[in-house]
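Summary of the model geometry
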Amino acid sequence: MQSSRLAKPMVLRRLLILGRAAARLSARMWAYQVKRALRNRLCRIAPTIYARHIARVALQKVPPLSRLQPSELAASVADFYLDEYAADVAYSAAGRITLFGRTVDFGDVSRIDWHQTIPDETDLHLWRMKLAHMGFLAPMIASGSPEYHWAVQRAIESFRLHSRFDEPGCFSSYWFPYSVSHRVLAVLSSLVVGISRHPLSADLVRQLAEFLRWNAAFVLANIEHELNNNHVERNLAALCFYFEFSDRPGAGLCAQVDAEVRRIMRDTILPDGTQIERSSMYQGLSVMALKIFANATVLREETRATASALYAKASRSWQTMSHPDGEIALFNDSWCGEVPSPVRILRARPLRQCELLPDAGYVRLDYGPYFALFDAGPIGPSWNPAHGHADFLSVELDVLGIRFVVDPGTYQYSTGARRTRERAAQSHNGPCWQGVEPVEYWGCFKVGRQAIAELGKVECSERDARASGALELQEGLVRRELRVSAEGIRVADSWRRRSAGAQLSVTIQGEWLLQHWTPRSASFSRDGVQVRLDVAAGALVDAREGDWACRYLESRPATVLIIAPEYSGAEDASATWSVCVENAAVV
């Protein structure tokens, strides 16, 4: 009886969240949702009919690959795949596939189970989707090894034999258009790079060319307008990249692709060059897509010029969203290793001490030994903020080029306690209230109620920089002011109109060892460096063990500091804390 009473509010809450999420979808997105549902139902009943449909699309609309000459663009795209898998190429060729630090030994590439899942994941099987990208084939294709090339051919034959359209879950894994798009980009770019480096057998080239044509046809027939955002961007990037190495498609298809590219750039690339989902990981993929669009001869010259200008802005935005260690920030759904670091992909462009992305709401401050990234923007696009976290007014702070205060990160996409916790405001280091979440989540990606933080004044000089932001909710108003100079980092937080339950937690990455703490300070050490976090207003009330994730499915230890603010009346509270190096000789 009790469980039944508990279940009813949960069902109602879920329906409310789903209703709010659905209400924000455009008519176009709804139409494509229906199209996807009909496709899934049809394929279970008549998979052969759908396979014939894709074959007709390939024959009638997708020209064969005929221009596989060496290309700087192909080399640039291949950079996103070759390095990631190069270290495991020998094991991959033998059927021992490692993705996200999890290895499955299939015994041989011809026995790869394309339906494979791993115990770490439940309802969202990203490992299986990543397997379907076939990025692990890239270094084999690009190599001059006949042994590796033979392994590639067997893997492709196995895939074509076992990747049926009527298999449950196929459209969320190996026939997920997003995965197929990555497959086209990874396999085609490595094929072109391989041809430029070594003689490849005619059989291998022919087999891959036929395979890629089929995959490009599938993407063309299944562009993910129901999800929009980075999904459509990836679909269009794959098609434009394919057409760079094929005969020119028909005029009607060229016009269609051109219109869709212009639409996705207008809808999802902000004026400051930031991808609208505000994830530095997806920002890297947008940089790749914009470079493809800028060089895609299937597009009009005007469209290419727009993409080229956005590529320059997006590249700088990506650098701005990175740390001195060269790796990306972890706000929203992001982790290191999914895309190469910006310093490796982009030409070195010196950044100023103070960099601002006004449309995204990010500020990057770099003064002497101290570095800060400040997030004071919206959760993401109103129509589908699936990759957003409630990290409003959060900061990531580095000392001497080493990460100190960190974002909880993204351990996994599967629904569960950790996914919920990592997206929650109370797990981030922005000012918030106990029991008050500004964003409603359900499952892996559904978002109901949203919130938007606003960036305030940003003032920069040679001596220091100051930035502020605010988040206003029904429950009250929170503000954060940040100052960074060569002397240290100072953070001032305030709560207005509701002081009860005011909360602040700060996550310190675990390589900094906690030496001791008092209500006024906590000292940490690493490799002979001593760093102190001082609390000037409020009090440090707890230091507990925690975790964070900078790579997918890789949990790392952390120390979580709990700061209790000080109160001034019934409605207002404040907390001020700072970070500095204790042993000045190191600085």
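Residues numbered from 1 in each chain as written. Predicted model: local features only at pLDDT ≥ 70, side-chain atom pairs only at ≥ 80, totals over all residues. Heavy atoms only, no water.

**Some details on the overall build of the protein**
Heads up, the condition is: Each helix is a run of H or I in the DSSP string that is no shorter than four residues. Each strand is a run of E no shorter than two, and both are numbered from the N terminus. Buried, partly exposed and exposed residues are distinguished by accessible area as a fraction of the type maximum, computed with a 1.4 Å probe on protein chains only: under 20%, between the cut-offs, and over 50%, respectively. We call two residues contacting when some pair of their heavy atoms lies within 4.5 Å. Computed with a 1.4 Å probe, the accessible areas rest on the Shrake-Rupley method; for each residue, only the protein chains presented here act as cover.
In terms of regular secondary structure, the protein is built from 16 helices and 22 strands. By its C-alpha atoms, the protein is 75 × 65 × 50 Å across when sized along the principal axes. Out of the 587 residues in the protein, the part that is buried amounts to 59%. Sequence-distant contacts, at least 24 apart, represent 69% of the contacts inside the protein between residues at least 6 apart. As presented, the protein carries roughly 23,200 Å² of accessible surface, and 53% of it is formed by carbon and sulfur atoms.

**Some remarks on the side chain of Ser 505**
How we decide: Side-chain atoms alone can form a polar contact between residues adjacent in sequence; in general such a contact is a pair of N or O atoms within 3.5 Å, and within protein one must be able to donate a hydrogen while the other accepts it.
With respect to the element layout, Ser 505 can be found in strand E15 (residues 502-509). On the accessibility criterion, Ser 505 (5% relative accessible area) is buried. Here the side chain of Ser 505 touches Gln 426 through a polar contact of 3.5 Å, landing on its backbone oxygen. From its side chain, Ser 505 meets the backbone oxygen of His 428 in a polar contact 3.4 Å long. Excluding anything up to four places from it in sequence, Ser 505 contacts Gln 426, Ser 427, His 428, Asn 429, Val 560, Leu 561 and Ile 562.

**Quick look at empty space enclosed by the protein**
Counted only if it meets this: For cavity detection a 1 Å grid was placed over the protein atoms alone, and a set of points counts as a cavity when a 1.4 Å probe fits there but cannot get out; an open set counts as a pocket when protein lies on both sides within 12 Å along at least five of seven lines, with lining residues being those that have an atom within 4 Å of a point. Grid points are joined across faces, edges and corners, and a volume is the space filled by probe spheres set on the points. Gly counts as polar in this scheme, as do all residues outside two lists: the nonpolar Ala, Val, Leu, Ile, Met, Phe, Trp, Tyr, Cys and Pro, and the charged Asp, Glu, Lys and Arg.
Overall, the coordinates contain two cavities of 30 Å³ or more when judged by the stated rule. Counted as a void, the largest cavity has a volume near 80 Å³. Around the largest cavity, the lining residues are Ala 390, Phe 392, Ala 425, Gly 430, Pro 431, Cys 432, Trp 433, Val 436, Pro 438, Leu 471, Leu 473 and Val 478. At the level of elements, strand E8 (432-433) and strand E12 (464-473) are the ones that each hand at least two residues to the lining of the largest cavity. When grouped by side-chain class, the residues that make up the lining of the largest cavity number 11 nonpolar, one polar and no charged.

**Quick notes on the environment of Lys 291**
Tracing the backbone through its elements, the reader meets Lys 291 in helix H13 (residues 280-295). On the accessibility criterion, Lys 291 (17% relative accessible area) is buried. Between the alpha carbons of Lys 291 and Pro 146 there is a distance of 32 Å; along the sequence they are 145 residues apart. Once residues within four sequence positions are removed from consideration, Lys 291 is found in contact with Glu 72, Leu 73, Ser 76 and Tyr 311.

**Here we look at the environment of Ala 21**
Structurally, Ala 21 can be placed in helix H1 (residues 2-23). Linking Ala 21 and Gly 448, residues 427 residues apart in sequence, is a C-alpha distance of 5.1 Å.

**Section: the layout of surface pockets**
Of the pockets and cavities examined, the second largest pocket occupies roughly 480 Å³. For the lining of the second largest pocket, the secondary-structure elements that each account for two or more residues are helix H4 (72-86) and strand E1 (96-99). Counting residues per element, the lining of the second largest pocket draws most heavily on H4, which supplies five residues. Classifying every residue of the lining of the second largest pocket gives 10 nonpolar, four polar and 10 charged.

**So, helix H9 (residues 177-197)**
Note the following rule: Here the expected span of a helix is defined as 1.5 Å times the quantity of residues minus one.
For H9, spanning 21 residues, the distance from its first C-alpha to its last is 30 Å, which sits close to the expected 30 Å at 1.5 Å a residue. Among the 21 residues of H9, 18 are classified as buried, and the element is accordingly described as predominantly covered.

**Concerning the pairing of strand E17 (residues 521-526)**
Under the convention used in this document: Pairing between two strands is assigned when DSSP locates at least 2 bridges connecting them.
Counting buried positions over the six residues of E17 gives six, a clear majority of the element. Where burial is concerned, the two faces of E17 agree: the one with Ser 521, Ser 523 and Ser 525 and the one with Ala 522, Phe 524 and Arg 526 are both buried. With five bridges joining them, strand E16 (residues 513-518) and E17 adopt antiparallel strand pairing. Looking at E17, one finds that Leu 514 is bridged to Phe 524.

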